[in-house]
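Each chain is listed here by its residues.
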Amino acid sequence: MSFFSSTSPSTHTTLLLPDLISHCTFDLHIDRNHKLVSIESKRWLFNGDSDLDDASRHAFHGLKGGKLTAMCYPNVGYPQLRVCADFLNWLFHLDNLSDDMTDRGLDEVANLVMNSMYHPHTYRSPARLNRMTTDFCKRIVQTAAPGTLQRFRETMDLFFQAIHQQARDRASGTIPDLESYIALRRDTSGCKPCWALIEYAHHLHIPDDVMNHPIIQSLGEATNDLVTWSNDIFSYDVEQSKGHTHNMIDVIMYEQGLGLQAAVDVVGDLCKACPRSVLRVYVDGLADWIVGSLHWSFETERYFGKTGMRVKQTKRVTLRPKAVQTKCVVPITTSPSALLGEGRAP
């Protein structure tokens, strides 16, 4: 891994965001329970936390984590929606806690969280983070498939490994090269456990060999990249005001010697290219198979003969008469060689 030492901050005072909303043509859905889950999840987060002052509570009201959940997990059961909302609010809370932590502090938090996740019914700690983690994990294990649960835990472990590296980079004042940053950002984003919660929320039982298939892995990575790179654009102002440089814009500025706006434009172009390159093409390809095979089933003469278009309109099929079955009786004295035609030309 090569590194670029951080230099003086940019003198820009404004930046122009790329129009990523218009470029994204996926339909937006939102769960009808978004208001309820927002209220209940925030109440869960605030319960018993004396460390959250009024400013912190106000910030969480403005976060609207419940609405993010309702947009990313629409049309799921309310218990699952609530778990996803609690996890996302917890993850944002954890992100706030870890921003200024030392490597040792992150070690302690990682050990506490991972023990709570793997042993939600037996691991005990006086830390409130333990109670919060075991609470939503107990609800997840009730219905999650074993593979889903394992992916959720493993990707959280990867998250902690990645933010350890992020903390070391922050302490040394260095910015990784673009290739290293992309690989690291896929784990610091926290998106991977969110993908596991898609399986949980929809009661999916997907075999490990399917989830580990390169095509499925590439879909997850492409989605991760689009979500996190666009987030780097939207969060840049907040991060630069704090002196943080774990951001794709900073990486491109330092690696390619670009100004702020030029680097933003590069990241925006990468975001726009991402769904076309993998997600859109592959997902559209699956959709094409669905709609194409449906219509073809009436166009072909394989199933309905010449009447396919009429059947397509009426939905009524006149069944063919069953063919008369003719039994072929083979004498028990017949040798295998005789049945196979042994010794004769085909």
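So, here is what we can say about the structure in this document.

Thresholds, definitions, all that
Note on numbering: residues in each chain are counted from 1, in written sequence order. In keeping with the model being predicted, local features are shown solely for residues with a pLDDT of at least 70 and side-chain atom pairs are shown and tallied solely at 80 or more, while totals for entire chains, interfaces and linings include all residues. Water and hydrogen atoms were dropped before computing side-chain values, which therefore reflect all heavy atoms in the structure. Under this scheme, a helix contributes an axis fitted over its contacting stretch, all axes are lines through C-alpha atoms, and angles between N-to-C directions fall in the 0 to 180 degree range. Working definition: helices are DSSP H or I runs of at least four residues, strands are E runs of at least two. Numbering for both runs from the N terminus. Throughout, the term roughly parallel applies to angles under 35 degrees, roughly antiparallel to angles over 145, roughly perpendicular to angles from 65 to 115, and oblique to all others. Here a crossing is taken to be left-handed if its near helix is turned anticlockwise relative to the far helix by less than a right angle, and right-handed if that turn runs clockwise. Note on definitions: a residue-residue contact is assigned when non-hydrogen atoms from the two residues lie within 4.5 Å. Each residue receives one of three labels: charged for Asp, Glu, Lys and Arg, nonpolar for Ala, Val, Leu, Ile, Met, Phe, Trp, Tyr, Cys and Pro, and polar for the others, Gly being one of them. Buried Ala, Val, Leu, Ile, Met, Phe, Trp, Tyr and Cys residues that are joined via side-chain atoms within 4.5 Å together make up what is termed a nonpolar core. Three exposure classes are used, based on accessible area relative to the maximum for each residue type with a 1.4 Å probe and protein chains only: buried under 20%, partly exposed in between, and exposed over 50%. Cavity means a closed set of points on a 1 Å grid over the protein atoms alone, one where a 1.4 Å probe fits but cannot get out, pocket means an open set with protein on both sides within 12 Å along at least 5 of 7 lines, and lining means a residue has an atom within 4 Å of a point. Grid points are joined across faces, edges and corners, and a volume is the space filled by probe spheres set on the points. We define a salt bridge as a side-chain nitrogen of Lys or Arg found within 4 Å of a carboxyl oxygen belonging to Asp or Glu.

## A word on the packing of helix 7 (residues 128-143) against helix 8 (residues 146-172)
- Two elements in contact, helix 7 and helix 8, have axes whose closest approach is 9 Å; the angle formed by their N-to-C orientations is 150 degrees. Classified by the angle between their axes, helix 7 and helix 8 sit roughly antiparallel to one another. Classified by chirality, the crossing of helix 8 by helix 7 is right-handed. Contact residues: helix 7 offers Phe-136, Cys-137, Ile-140 and Val-141, while helix 8 offers Leu-149, Phe-152 and Arg-153.
- Among the residues forming the contact of helix 7 with helix 8, the class breakdown is six nonpolar, no polar and one charged.

## Re the nonpolar core
- Phe-87, Trp-90 and Phe-160 are the most contacted members of the largest nonpolar core, which totals 42 residues.
- Elements with a minimum of two residues in this core: helix 2 (34-46), helix 5 (78-98), helix 6 (103-118), helix 7, helix 8 and helix 10 (191-201).
- With near-sequence residues (within four places) excluded, Trp-90 lies in contact with Trp-44, Val-113, Met-117, Leu-129, Met-132, Thr-133, Phe-136 and Met-156.
- Within the second largest apolar cluster, 18 residues are counted, among which are Ile-175, Ile-182, Met-248 and Leu-260.

## Some points on the layout of surface pockets
- By volume, the second largest pocket amounts to about 180 Å³.
- Along the walls of the second largest pocket sit His-34, Lys-35, Ser-38, Ile-39, Lys-42, Phe-60, His-61, Lys-64, Gly-65, Gly-66, Lys-67 and Asn-89, which together make up its complete lining.
- In terms of residue count, helix 2 provides more of the lining of the second largest pocket than any other element does, five residues in total.
- Looking at side-chain class alone, the lining of the second largest pocket contains two nonpolar, six polar and four charged residues.

## Looking at empty space enclosed by the protein
- Throughout the structure, instances matching the rule amount to one cavity of 30 Å³ or more.
- Looking at the largest cavity, its volume works out to about 50 Å³.
- The wall of the largest cavity is formed by Asp-95, Ser-98, Asp-99, Leu-106, Ile-163, Gln-166, Ala-167 and Arg-170.
- Only helix 5 and helix 8 provide two or more residues apiece to the lining of the largest cavity.
- The element that contributes the greatest number of residues to the lining of the largest cavity is helix 8, accounting for four residues.
- Here the residues of the lining of the largest cavity sort into three nonpolar, two polar and three charged.

## Points about the pattern of salt bridges
- Under the definition given, this model contains 13 salt bridges.
- Two residues, Asp-86 and Arg-139, come together in a salt bridge whose shortest N-O distance is 2.8 Å. Separated by 53 residues along the polypeptide, Asp-86 in helix 5 and Arg-139 in helix 7 bring together distant segments of the chain.
- We classify Asp-86 as buried; its relative accessible area is 0%.
- The residue Asp-103 makes a salt bridge to Arg-168 at a minimum N-O spacing of 3.6 Å. Of this pair, Asp-103 sits in helix 6 while Arg-168 sits in helix 8, and the two are 65 residues apart along the sequence.
- On the accessibility criterion, Asp-103 (31% relative accessible area) is partly exposed.
- By relative accessible area, which is 38% here, Arg-168 ends up partly exposed.
- Connected through shared salt-bridge partners, Glu-40, Arg-82, Asp-86, Asp-135 and Arg-139 make up one network.

## Things to note about the packing of helix 2 against helix 3 (residues 54-63)
- Between helix 2 and helix 3, the shortest axis-to-axis distance is 11 Å and the interhelical angle comes to 155 degrees. One finds that helix 2 runs roughly antiparallel with respect to helix 3. Note that helix 2 runs across helix 3; the crossing there is right-handed. Contact with helix 2, carried on its side by Lys-42, Leu-45 and Phe-46, involves Arg-57, Phe-60 and His-61 of helix 3 and no other residues of that element.

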